Amino acid sequence: MPVDTTFAGRVYPPGDTYVVSREKLREFAEATGATHPAHTDVDAARALGYPDVVAPPTFAVVVAQRAEAQYVDDPAAGIDFSRVVHADERFTHHRPIRAGDHLRTTLHVDAVTQRAGLSMITTRCEIADAAGEPVATVVSTLAVRPEDDA
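None of these values were measured; they are calculated from a predicted model.

## Thoughts on the overall build of the chain
- Looking only at helices and strands, one finds 3 helices and 6 strands in the chain.
- Order of helices (α) and strands (β) in the chain, N terminus to C terminus: β-β-α-α-α-β-β-β-β.
- If you line up the chain on its principal axes, its C-alpha atoms span 55 × 35 × 20 Å.
- Each of the 150 residues in the chain was classed as buried or not, and the buried ones make up 41%.
- Of the contacts formed within the chain by residues at least 6 apart in sequence, a portion of 69% connects residues at least 24 apart.
- Here the chain has roughly 7900 Å² of accessible surface; of this, 53% comes from carbon and sulfur atoms.
- When the 14 positive and 22 negative side-chain charges of the chain are each reduced to one mean point, those points stand 3 Å apart.

## Remarks on unusual backbone geometry
- Unlike most non-glycine residues, Ala116 shows phi in positive territory, near 50°.
- Positionally, Ala116 belongs in the loop between β4 (102-115) and β5 (118-128).
- Its relative accessible area of 88% is what places Ala116 among the exposed residues.

## Side note on the UniProt feature "domain: FAS1-like dehydratase" (unreviewed entry) in the chain
- What UniProt calls "domain: FAS1-like dehydratase" (unreviewed entry) maps, in this numbering, to residues 8-137.
- Annotation note: span residues 8-137, helix share 23%, strand share 33%, distance between end C-alpha atoms 18 Å.

## Some points on the pattern of salt bridges
- All told, the structure shown has 10 salt bridges when counted by the stated rule.
- Residue Asp129 pairs with Arg95 through a salt bridge whose shortest N-O separation is 3.4 Å. Taken together, the residues span a long stretch of sequence, with Asp129 in the loop between β5 and β6 (134-144) and Arg95 in the loop between β3 (84-93) and β4 at a distance of 34 residues. Here the two residues Asp129 and Arg95 agree in accessibility, since each one is buried.
- Arg98 is the salt-bridge partner of Asp101, the closest N and O atoms lying 4.0 Å from each other.
- The partly exposed category is assigned to Arg98, whose relative accessible area is 23%.
- Each member of the salt-bridge network shares a partner with another, and the members are Arg95, Arg98, Asp101 and Asp129.

Thresholds applied
- Residues numbered from 1 in each chain as written.
- Predicted model: local features only at pLDDT ≥ 70, side-chain atom pairs only at ≥ 80, totals over all residues.
- Heavy atoms only, no water.
- Helix = DSSP H or I, 4+ residues; strand = E, 2+ residues; numbered from the N terminus.
- Buried < 20%, exposed > 50% of the residue type's maximum accessible area, 1.4 Å probe, protein only.
- Contact = heavy atoms within 4.5 Å.
- Areas by Shrake-Rupley, 256 points an atom, 1.4 Å probe, with all protein chains shown as cover.
- Lys, Arg positive; Asp, Glu negative; His and termini not counted.
- Charge placed at Lys NZ, Arg CZ, Asp CG, Glu CD.
- UniProt positions renumbered as here; feature names shortened; annotations may be inferred.
- Salt bridge = Lys/Arg side-chain N within 4 Å of Asp/Glu carboxyl O.

Rendered as structure tokens:
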């Protein structure tokens, strides 16, 4: 089943709220080699003017991928995740993500195009805090290889 190009332009409403914890930020910083103390030490973060520890910049992908699952896991979209290659990802931070944030993400399917059987999908995740203020925008491009690609 090919990727359904009619999904371009769809907007998925925010799903479950993602509550950012110190522990998740510490684990992510450790896993990615982010060594700045503001990621793990409350006092270091507060010395920089933050109310709590702050996420490494790429932590936004954790929140974005949860929202993208609404689309990728939809059988009608025609995406075989075993054939997906992550082609690109860009982050725009409106403010740092920090422990204690309650984040909601609106997923936009900005483009679905096909070239020689390869499907290129661009999604945009608009991440906002509990007050609805923008926190980050994550734009991802996925390449979905055709079924006959060995």
